[in-house]
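# Commentary on secondary and tertiary structure
Next come the chains, spelled out residue by residue.
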Amino acid sequence: MKKALPALIAGFMSVIGAVSAAHSKTIDFAVVAIGGTLTYSGATLDKSVAFDFDRSALTVSQVGPQDNSGLAPFDILSLIPTDIMYGSGTGPGPLGADIVKTWTDALGTFKETLTTVVSIDRHAINAITVTLRGTTTGPGFLDTPTDLILGATQAGGPGSVISASFTNTTFGATIPETSTWMMMGLGFVGLGYAAVRRSSKDRSAIAL
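Just so it is clear, the structure is predicted and the values come from calculations on it, not from any experiment.

With that settled, consider the environment of Asp46. By secondary structure assignment, the location of Asp46 is in the loop between strand E2 (39–41) and strand E3 (50–52). With a relative accessible area of 10%, Asp46 lands in the buried category. Along the backbone, Asp46 and Ser88 are 42 residues apart, and their C-alpha atoms lie at a distance of 9.8 Å. Not counting residues within four places of it along the chain, the set of residues in contact with Asp46 comprises Arg122, Ala124, Ile125, Asn126 and Ala127. A polar contact of 2.9 Å, which involves the side chain of Asp46, links it to the backbone nitrogen of Asn126.

Structure (structure tokens):
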């Protein structure tokens, strides 16, 4: 048992080191709608039931310091469909149709699927803020919970220019690096070796 103890300790240390070596990935960026035709369904924006980014270029305006999306300012995103049907309530509830946002960069292809309305703020006249929720899958992410907050204003009321933007946040994807997997493997090997040695000595003691 005394000889097996160092192996046992080494195994535990390797596993602990592996867990601490894992790093958390996040997505944190903002997008502004440029050009195209921004429209909504309803008497006024604050009473609207849907918002449409038809033919607008969804352009990245800002990327957070811890962002792992691979995006950079002025990159363009794809949104299908372009209209977000959130209904007349204030949330929570389902979207009229799922919204799929995709982008491809040096890291690979990302796919974000938004399915749920979390909340709708209609307190400001001729303005609306809609929080949507879904998941993101891509390099380092697998069905990771994601929030998208859409903000739109029409300062002059119906018939005047509309401005819109949204922010994306995804947290909680903890992805071990390759070296981390190796450390974890070595740790479990050490634990297994210690268990085998102990079992072997126990059997020898019983035989005596």
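Looking now at the sheet that holds E3. What the 3 strands build is an open sheet, ordered E2-E3-E6; its pairing is antiparallel. Bordering the open sheet on either side are E2 and strand E6 (83–85), each of which pairs with just one other strand. Between one strand axis and the next, the sheet turns by 15° as a mean value, whatever way the strands run.

Here a ring pair, both rings aromatic, is described through the centre-centre distance and the interplanar angle of the planes. Per the stated rule, a full pass over the model turns up 5 aromatic pairs. On the basis of an interplanar angle of 80° and a centroid distance of 6.2 Å, the ring pair of Phe53 and Phe166 is categorised as edge-to-face. With Phe53 in the loop between E3 and strand E4 (57–63) and Phe166 in strand E11 (residues 163–175), this pair connects stretches of sequence that are 113 residues apart. An identical accessibility class is assigned to Phe53 and Phe166; each is buried.

Conventions used here
Residues numbered from 1 in each chain as written. Predicted model: local features only at pLDDT ≥ 70, side-chain atom pairs only at ≥ 80, totals over all residues. Heavy atoms only, no water. Helix = DSSP H or I, 4+ residues; strand = E, 2+ residues; numbered from the N terminus. Buried < 20%, exposed > 50% of the residue type's maximum accessible area, 1.4 Å probe, protein only. Contact = heavy atoms within 4.5 Å. Polar contact = N/O pair within 3.5 Å; in protein donor to acceptor, adjacent residues only side chain to side chain. Pairing = 2+ DSSP bridges. Axes fitted to C-alpha atoms, helices over the stretch in contact; angles between N-to-C directions. Phe/Tyr/Trp six-rings, centres within 6.5 Å; stacked < 30°, edge-to-face > 60°.

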